[in-house]
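One letter stands for each residue in the lines below.
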Amino acid sequence: MIYNFRNIFIASVEIIIMRDTPISVKCRCGGRAVIYRRFDGQALCKEHFLRGVERRVKQLIRKEKLLEDGDKIAVGLSGGKDSTLTLYMLNEIVKKSRKYSLSAIAVDEGIKGYRKGTIKHARKLCRELNVDLHVATFKDEFGKTMDQIVKSKDARACTYCGVLRRYLMNKTARKLGATKVAIGHNMDDEVQSIMANYIRGDMLRAVRLGAKAYVVKDAKFIPRIKPLREIPEKETALYCMLKGFDTSFGECPYAHESFRWSVRDIVNGLEDKYPGTKYSILRTFDRLLPKIRKEFLNKKIRKCESCGEPTSKEVCKVCLLRRSL
Ligand code: SF4
């Protein structure tokens, strides 16, 4: 059976928005509300909603100093709603300033029936915005597609994919001379990461979270920034719908197998019952982060004995996975 994921996703977002937005609710300007936020009781019309998202993204960029003069920003572009919004927002900023430059990187893991479509959207968007797009593939770098890795290893796809994709993104950004990699992590993604690390007791990963996802300076690590970190997923989807962006709304076929997916279900269930849960998790974590970093940050960075990439162990995770392939 062939599903039209875009329509299914749009329908589900519309159902959520409609369920949360009683017809009688009006924006403060008197206009028809397109969203009613249960956690803060705010109803917003299209214009106020769009402006609000843009304002919050810019505020975060300023507050966390995500951009610095002379930055060459490479956006990790999957063609999905979050990375599309990230590229769009950063392009709006770069257009008005000579201080920054912008390009995009798409990593093709080789996932049949999924990635081809998203890369098509990424190419189209970059053409429209006049941004250079660089595509890096698992097949070229590791000799296998993600589908082949899953078949040969009988492994959980995300265990390999996450590590290899981050490595390839960093390597490509470095080749391009980028000084920052911007990724489309929204608030839901960040909250899921916080909870997943907490449940696993993985403090070494927890210290890497935050709007600037880098903590140890090394010439080979390109710092990663998350301009959408304070925007809930529902709002990134609504923004793209209202703007009419041609984005990919499909889910990766392996996503359901991941630990993150179970965490996502739990957090969404809590948010549904107790609106504001996600904000609360994020804010509490932000208050703890400086203390966690002080306690758990491993400032000693070594060179991988095999490939020379920075790592905290003798051999980096990418080399270990490469060997196992
Ligand atoms: Fe890779 Fe897992 Fe994300 Fe799919 S869900 S793209 S396999 S990390």
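Let me begin by describing the structure that accompanies this report. This is a predicted model, so every value here is computed, not measured.

Here is what the cut-offs are and how they apply
Residues numbered from 1 in each chain as written. Predicted model: local features only at pLDDT ≥ 70, side-chain atom pairs only at ≥ 80, totals over all residues. Heavy atoms only, no water. Pairing = 2+ DSSP bridges. Helix = DSSP H or I, 4+ residues; strand = E, 2+ residues; numbered from the N terminus. Right-handed = clockwise from strand over helix to strand, strands pointing away. Polar contact = N/O pair within 3.5 Å; in protein donor to acceptor, adjacent residues only side chain to side chain. Contact = heavy atoms within 4.5 Å. Axes fitted to C-alpha atoms, helices over the stretch in contact; angles between N-to-C directions. Phe/Tyr/Trp six-rings, centres within 6.5 Å; stacked < 30°, edge-to-face > 60°. Buried < 20%, exposed > 50% of the residue type's maximum accessible area, 1.4 Å probe, protein only. Lys NZ or Arg CZ within 6 Å of the ring centre and 35° of its normal. Near = heavy atom within 4 Å. Nonpolar A, V, L, I, M, F, W, Y, C, P; charged D, E, K, R; others polar. Salt bridge = Lys/Arg side-chain N within 4 Å of Asp/Glu carboxyl O.

## Structural notes on the pairing of strand β5 (residues 132–137)
Two strands pair when backbone bridges link them, and strand β4 (residues 101–108) and β5 are joined in this way by 6 bridges, in the parallel orientation. For S103, the partnering residue across the bridge sits in β5 and is D132. A crossover connection joins β4 to the parallel β5 through helix α4 (residues 115–129); in handedness this β-α-β unit is right-handed.

## What to know about the side chain of E233
By the element assignment, E233 lies in helix α10 (residues 233–243). At 3.0 Å, the side chain of E233 and the side chain of K81 are in polar contact. Beyond its immediate sequence surroundings of up to four residues, E233 is in contact with K81, N186, D188 and R264.

## Focus: the sheet that holds strand β6 (residues 180–182)
Taken in spatial order, the 5 strands make up an open sheet running β5-β4-β3-β6-β7, and their pairing is parallel. Every interior strand has two partners, whereas the edge strands, β5 and β7 (224–225), have only one. Of the strands in this sheet, β3 (72–76), β4 and β6 are in contact with helix α3 (residues 81–95), which crosses β3 at around 160°. Running at roughly 165° to β4, α4 makes contact with β4 and β5 of the sheet.

## As for the packing of aromatic side chains
Inspection of the entire model under this criterion finds 6 aromatic pairs. Relative to Y239, the ring of Y88 has its centre 6.4 Å away and its plane inclined at 50°; by these criteria the two rings are tilted. Of the two residues, Y88 sits in helix α3 while Y239 sits in helix α10, which places them 151 residues apart along the sequence. With relative accessibility at 0%, the residue Y239 sits in the buried group. Geometrically, the ring pair formed by F138 and F142 is edge-to-face, given 5.3 Å between the ring centres and 90° between the ring planes. Remark: F142 and F138 occur in helix α5 (residues 138–142); sequence separation between them is 4 residues, near one turn of the helix. Like F138, the residue F142 is buried in the burial classification. Cluster of aromatic residues (ring-pair linked, three or more members): Y88, Y239 and F245. One Lys or Arg, R264, reaches over the ring of W261 and ends 4.2 Å from the middle of that ring.

## Quick look at the site of the ligand
Around the ligand, the neighbouring residues are E109, A157, C158, C161, R165, C252, Y254 and A255. Each residue belonging to the shell around the ligand can be placed in one class, and the counts come to 6 nonpolar, no polar and 2 charged.

## As for the pattern of salt bridges
One pass over the full model with this rule turns up 26 salt bridges. K278 is the partner of D188 in a salt bridge, and the nearest nitrogen-oxygen pair spans 2.6 Å. One end of the pair, D188, is in helix α8 (residues 187–200); the other, K278, is in helix α12 (residues 277–296), and 90 residues separate them in sequence. For K278, a relative accessible area of 11% translates into the label buried. Across the salt bridge formed by D286 and R229, the nearest N and O atoms sit 2.8 Å from each other. Taken together, the residues span a long stretch of sequence, with D286 in helix α12 and R229 in the loop between β7 and α10 at a distance of 57 residues. A relative accessible area of 26% places D286 in the partly exposed class. With a relative accessible area of 3%, R229 lands in the buried category. Each of the salt bridges in this network shares a partner with another, and the network as a whole consists of E190, K226, R229, E230, R283 and D286.

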